[in-house]
Amino acid sequence: MTMLETIAQYKEDFDLFPTANEKLEYIFDLGKKHTVLPEEEKNEDTFVHGCASAAWLVGECKDGKLILRGEGTSEMAKGMLTLLLDIFGNRTPDEILMFDPANLQDMGIVELLSPVRQQSLEAFLKMVYGYAQKCKEQGE
């Protein structure tokens with residue numbers, strides 16, 4: 001499934017919920033599938049600076065793809081990380097680097113995020129694109 005197809009699938013899910021609160025509850029529910037990182041991977045290099053709550057993101061190049069893992073401390077961070085890792089994880093660097101983050105608006109949830117949470121999303125994306133660029137450079 002492509003990144004856009006994954007977003008379309010989430011949009012279908014979000015469209016099932018008529019209110020903003022129900023959509024946010026769905027994000028919290030996604031967080032229940034959230035993974036945790038080993039303590040040694042939670043460091044200054046993996047810390048998502050600019051995130052509203054503490055979060056870490058690890059990116060590794062493997063077999064030409066960027067493998068992402070992360071952990072957040074709040075319910076919102078856990079849910080958003082689960083969703084975003086599903087969209088961005090296990091992709092080629094080129095697929096990520098060519099992706100327009102404006103496409104995330106299609107899901108219908110970005111506008112539900114407070115300005116601080118939108119900054120968190122931007123901080124996450126900055127790290128993802130940085131990892132993808134490093135992966136691409138290693139592959140050349």
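Nothing here was measured: the structure is a model prediction, and the numbers come from that model.

The rules behind these values
- All chains use their own residue numbering, which begins from 1 and follows the written sequence.
- Reporting of local features is limited, given that this is a predicted model, to residues whose pLDDT is at least 70; pairs of side-chain atoms are given and counted only at 80 or more, and all residues count toward the totals for whole chains, interfaces and linings.
- As a rule here, side-chain values cover all heavy atoms of the structure and leave hydrogens and water aside.
- What counts as a salt bridge is simple: a side-chain nitrogen of Lys or Arg found within 4 Å of a carboxyl oxygen of Asp or Glu.
- To sort residues, take the accessible area from a 1.4 Å probe on protein chains only and compare it with the maximum for the residue type: under 20% means buried, over 50% means exposed, and anything in between is partly exposed.
- Here, nonpolar core refers to any group of buried Ala, Val, Leu, Ile, Met, Phe, Trp, Tyr and Cys residues whose side-chain atoms link them within 4.5 Å.
- Only runs of H or I of at least four residues qualify as helices and only runs of E of at least two qualify as strands under DSSP, and these elements are numbered from the N terminus.
- Whether two residues are in contact is decided by their heavy atoms, any of which lying within 4.5 Å being enough.
- To get an axis, a line is fitted to the C-alpha atoms, and for a helix only the part in contact is used. The angle between two axes follows their N-to-C directions and goes from 0 to 180 degrees.
- By the definition adopted for this analysis, an angle is roughly parallel if under 35 degrees, roughly antiparallel if over 145, roughly perpendicular if from 65 to 115, and oblique otherwise.
- Any residue that is not Ala, Val, Leu, Ile, Met, Phe, Trp, Tyr, Cys, Pro, Asp, Glu, Lys or Arg is counted as polar, Gly included; the first ten are nonpolar and the last four charged.

A. View of the pattern of salt bridges. Within the structure shown, the criterion is met by 9 salt bridges. One salt bridge connects Asp29 with Lys32, and the closest N-O pair in it is separated by 3.2 Å. Of the residues examined, Asp29 reaches a relative accessible area of 39% and is grouped as partly exposed. The class of Lys32 is exposed, set by a relative accessible area of 68%.

B. Looking closely at the nonpolar core. In this structure, Leu57, Leu83, Ile87, Phe88, Leu104, Met107 and Phe124 are the most contacted members of the largest nonpolar core, which totals 38 residues. Among the secondary structure elements, those contributing two or more residues to this core are helix 1 (3-15), helix 2 (20-30), strand 1 (55-62), strand 2 (65-72), helix 3 (75-88) and helix 5 (115-139). Among the elements that make up this core, the one with the highest residue count is helix 5 (10 residues). Discounting residues that sit within four places of it in the chain, Phe88 has contacts with Met3, Leu68, Ile96, Phe99, Leu104, Phe124, Leu125, Val128 and Tyr129.

C. Focus on the packing of helix 1 against helix 2. Where helix 1 contacts helix 2, the axes come no closer than 9 Å and their chain directions differ by 125 degrees. Between helix 1 and helix 2, the interaxial angle falls into the category oblique. Listed contacts from helix 2 to Tyr10, Asp13 and Phe14 of helix 1 are Lys23, Tyr26, Ile27 and Leu30. Residue classes in the contact of helix 1 with helix 2 are distributed as 5 nonpolar, no polar and 2 charged.

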